[in-house]
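Structure assessment
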Amino acid sequence: MIAAQLLAYYFTELKDDQLKKIDKYLYSMRFSDETLKDIMNRFRRDMEYGLGHDTNVTATVKMLPTFVRSIPDGSEKGDFIALDLGGSNFRILRVKVTQDKKQPVQMESQVYDTPDDIIHGSGTQLFDHVAECLGDFMEKQKIKDKKLPVGFTFSFPCAQTKLDEAVLVTWTKKFKASGVEGMDVVKLLNKAIKKRGDYEADIMAVVNDTVGTMMTCGFDDQRCEVGVIIGTGTNASYMEELRHIDLVEGDEGRMCINTEWGAFGDDGSLEDIRTEFDREIDRGSINPGKQLFEKMASGMYMGELVRLILVKMAKEGLLFEGRITPELLTKGKIETKHVSAIEKTKEGLKKCMEILTRLGVEPSDEDCLAVQHVCTIVSFRSANLIASTLGGILSRLKENKGVARLRTTVGIDGSLYKMHPQYARRLHKTVRRLIPDSDVRFLLSESGSAKGAAMVTAVAYRLTEQARQIQQTLAEFRLSKAQLLEVKKRMRVEIERGLRKDSHKEATVKMLPTFVRSTPDGTENGDFLALDLGGTNFRVLLVKIRSGKRRSVEMHNKIYAIPIEVMQGTGEELFDHIVHCISDFLDYMGMKSARLPLGFTFSFPCHQTSLDAGILVTWTKGFKATDCEGEDVVELLRDAIKRKEEFELDVVAIVNDTVGTMMTCAYEEPTCEVGLIAGTGSNACYMEELKNIEIVEGNEGRMCVNMEWGAFGDNGCLDDIRTKYDQAVDENSLNEGKQRYEKMCSGMYLGEIVRQILIDLTKRGFLFRGQISETLKTRGIFETKFLSQIESDRLALLQVRAILQQLGLDSTCDDSIIVKEVCGTVSRRAAQICGAGMAAVVDKIRENRRLDHLDVTVGVDGTLYKLHPHFSRIFQQTVKELAPKCEVNFLLSEDGSGKGAALITAVGCRQRELEAQQH
């Protein structure tokens, strides 16, 4: 016992002394944290070069886009085949992914040899070999008759432009098959399969082993967004923001980038840390000057590094008493597995003795200790180098996410990481020191890269299938030109029905006469009061119109709220409230004594019998006041003024906001003869020939007709283009079965249509992980302004996610892309069917006037038209396409309901004076 203790003491003394010598000898292989941070920053700079459009060509770290856009979300299912070609063995797996919680993934696999003559032969031989093995595997699995989706793990640097294509950039890791570099490996494999002709395969995805690793781990942990291989070779991939990847179109979402970090340093940027041994290894390799980082850090070269160090130390008499044997001088005699064995805590020294004895160098115990220490220094350097480059990726992820603390998972695979007794622990410790503000979980990939290929294929399959079903859902909203022409034609039919005496009563598009017989001519003059009632707010305005050379319009106004209890109370309460507001305004302006002419913008369907008499047909927009429908609203207003007994007003005209819009624009632009509102509601008016308006006496001249086109389709004539989502919106509305066209194209309902689609897509598992939140169940949550924000071209997906988060919808990038597409599809249809209605109107005017070509201006108002990023453009384009014989200009109206009402009142006063003169 005492002898053993003495021996141990002697050993420790000797050990310390010997180890210090070796530390000194291999000083250049040991790095301080400062150096590691410096390497990390160099790698980050190289990553940016690789991502940049102009710098990628010369970049050593290639940062190849993989077209893998999302990690598994757990809803994948199906039967897949995975091929794994990347090392000396070639593996084929059949992977069944189910929704079974206990065993979601079942795998059967077989390993095939890849002989050296094939690795170094021609590309045709190599792919014929792969196709032959695949045929054999399918035969054994009895699936030759099925065309299963195939994922192909091909662990060499490839340039991809889509998921199922990969052009080999350069062979690495001993592979040298001729005629493959610069070719698409999917095409080569498909060609080999076709040549056989005894089975079919659908190659859906080519992935790199690092991507495969990330995806395998991603199936178990959805936080996984980095994949690292530390085996024969070394490489990593991670999820990068698409907006930073210049080589790929688009900036929506993320894409996995294969860094190809093995080539880090090929431009000389690591010369200061490479040693003479690294240079010697490089000189003796099949690709000198290439993959320099990989040659310092990966398993393929580690044993050889150790051998070269031992040779040099022996030559200098520091080991084996200077003995050098032919074995020790033979390349490849020390392998990485030997290094792993030597570094084992308990039996390491014993293993070391065995390995060195086989090399014939007759090692002493001190020699074994020294060699063990050399191995430690070499493998520790590898772990440190990889911690630096991985640190570069993690710090980039942290920056991309803009978080104070990064929480993420790194999937790792590779023989060195798995087999070496100390490697993993050292790597983890160094990473945590280099990136302190992070919680990084390291997940060992089970049956790594090949299962990962199946996962990528499963995700691609899920996304393809999902995209197909989403497109199928949205296809109902995508109207062809033929369908839009049909809408135009039907609108024309309804216009005629509304104008004719015999059909007017049943007509859905009411074509109400407004008794506005002309647009302004510039002689209008005077002070006018205007009221504007059409929504939750109510305005009172004083408008001073001056004619002559210096034409001008000066306006003063005040806005008053209408409480919901007044909107839905009695008619008397509503009109008393209005008069109370007028009284307040006149006090405010100091004009109670003057008897001003008044125009009343009343934006509800009215049946007018003269300019100053309008019978309310029906309330819309949430109004419900009793005893008003069927009554003359001008009389209701006059009665309320009388009840107040404070002031007198001359109510000259009752005005619809659409007509007001037309009149405002016509004051600036005489060719304006059409008005359009595209806002909360939707409506249009235009100047019709009096002779065509059969419900009004007289044949001379024109009159403005308030179409009330929101009710188009209430007779079922649009049912063939209405979707189940439109029906759901209608059923949940205050006025079911009414204003169907308006419900398809006005701002008040677009968000609601979007919400209905999102609920359906979520129920089908395509959105929000299948979870319908309380928010999503809430009617009206999706305001139209959110549509405008989401569809804005300037918005990156992160901002779309932020908007959805405000709404309590926790969305991924994929979710945001889908939501954006849904919004775009719904608003596009709205603009198109609105444009089809307008095309019918301008063509009607052209035909009325028997013209081959009509120049006309449309005055437009409404928040949807003004604020939505694409509505006006698509609307105008549709009108142009559907009414090619009309040159239509669109003019934005400034305050149609206020200024317009005053102008109508002014034109009305002018008309009154004319009639008085004639009598």
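Structure: above.
A brief structural summary. (Residues numbered from 1 in each chain as written. Predicted model: local features only at pLDDT ≥ 70, side-chain atom pairs only at ≥ 80, totals over all residues. Heavy atoms only, no water.)

Some points on the packing of aromatic side chains
Put simply, the test is: The criterion for an aromatic pair is that two Phe, Tyr or Trp rings (for Trp, the six-membered ring) have centres within 6.5 Å, with stacked assigned to planes under 30 degrees apart, edge-to-face to planes over 60 apart and tilted to the rest. Every helix listed is a DSSP run of H or I at least four residues long, and every strand listed is a run of E at least two residues long, numbered separately from the N terminus. Think of it in three bands: residues with accessible area under 20% of the maximum for their type are buried, residues over 50% are exposed, and the middle band is partly exposed, with areas taken using a 1.4 Å probe on protein chains only.
Inspection of the entire model under this criterion finds 24 aromatic pairs. Judged by centre distance (5.1 Å) and plane angle (65°), the rings of Phe43 and Phe264 are edge-to-face. You can see Phe43 sitting in helix H2 (residues 33-51) and its partner Phe264 sitting in the loop between strand E11 (254-258) and helix H7 (276-283), a full 221 residues away along the chain. Neither Phe43 nor Phe264 differs from the other in exposure class; each is buried.

Observations regarding the sheet that holds strand E12 (residues 406-413)
Hydrogen bonds along the backbone pair up the strands of a sheet, which may run parallel or antiparallel. The line we're drawing: Paired strands, in this sense, are two strands between which DSSP finds at least two bridges. Residue contacts are defined here by distance: any two heavy atoms, one from each residue, within 4.5 Å place the two residues in contact. Only the contacting stretch of a helix is used when fitting its axis, a line to C-alpha atoms as for every element, and angles between N-to-C directions run 0 to 180 degrees.
The sheet built from 6 strands is open, its strands ordered E1-E11-E10-E9-E12-E13 with mixed pairing. Here the strands that pair on one side only, and so sit at the sheet edges, are strand E1 (64-65) and strand E13 (438-444). Across 5 bridges, strand E9 (residues 224-230) lies against E12 in parallel orientation. By the bridge assignment for E12, Val228 is matched with Ile412. Helix H6 (residues 209-220) rests against E9, strand E10 (234-241), E11, E12 and E13 of the sheet, and its axis sits at about 130° to E9. Sitting on the sheet, helix H14 (residues 423-434) is in contact with E9, E12 and E13, with an inclination near 160° to E13.

Quick look at helix H12 (residues 365-401)
Note the following rule: Here a helix's expected span is defined as the number of its residues, less one, multiplied by 1.5 Å.
A rise of 1.5 Å per residue sets the reference length of H12, with its 37 residues, at 54 Å; its end C-alpha atoms lie 53 Å apart and thus fit the reference within 8%. Most of H12 is tucked away, with 31 of its 37 residues classed as buried. Two residues or fewer after H12 comes Gly402, characterised by a positive phi angle close to 60°.

As for the sheet that holds strand E22 (residues 672-678)
Ordered by their spatial adjacency, 6 strands build an open sheet running E14-E24-E23-E22-E25-E26, and the pairing between neighbours is mixed. On the outer flanks of this sheet lie strand E14 (512-513) and strand E26 (886-892), each paired with one strand and no other. Summarising the sheet, E22 and strand E25 (residues 854-861) pair through 5 bridges and their orientation is parallel. Paired with Gly675 across the two strands is Gly859, which belongs to E25. Relative to the sheet, helix H30 (residues 871-882) contacts E22 and E26, its axis offset from that of E26 by approximately 160°.

Thoughts on the nonpolar core
Most often, soluble globular proteins have nonpolar side chains that are buried together. Our working rule: For this analysis, a nonpolar core means a set of buried residues of the types Ala, Val, Leu, Ile, Met, Phe, Trp, Tyr and Cys, connected via side-chain atoms within 4.5 Å.
Judged by nonpolar contacts, the single largest core of 111 residues is most densely connected at Met707, Trp709, Phe782 and Met838. Looking at which element gives the most residues to this core, the answer is helix H28 (residues 813-848), with 16 residues. The contact partners of Phe782, leaving out residues within four places of it in the chain, are Gly751, Glu752, Val754, Arg755, Leu758, Leu787, Ile790, Leu804, Leu807, Leu809, Val819 and Cys823. By size, the runner-up hydrophobic cluster in this structure holds 109 residues, among which are Phe264, Leu270, Ala383 and Ala454.

Digging into the pairing of strand E16 (residues 537-546)
The element E16 is extensively covered by neighbouring structure, given that 7 of its 10 residues are classed as buried. Two strands pair when backbone bridges link them, and strand E15 (residues 526-533) and E16 are joined in this way by 8 bridges, in the antiparallel orientation. In the strand pairing of E16, Asp527 is matched with Lys544. The loop that links E15 with its antiparallel partner E16 comprises 3 residues. As judged from the 10 bridges shared by E16 and strand E17 (residues 552-561), these two strands associate in the antiparallel manner. What sits directly across from Arg546, in E17, is Ser552. Hairpin connection from E16 to E17: 5 residues lie between these consecutive antiparallel strands, with Gly548 at a positive phi of about 90°.

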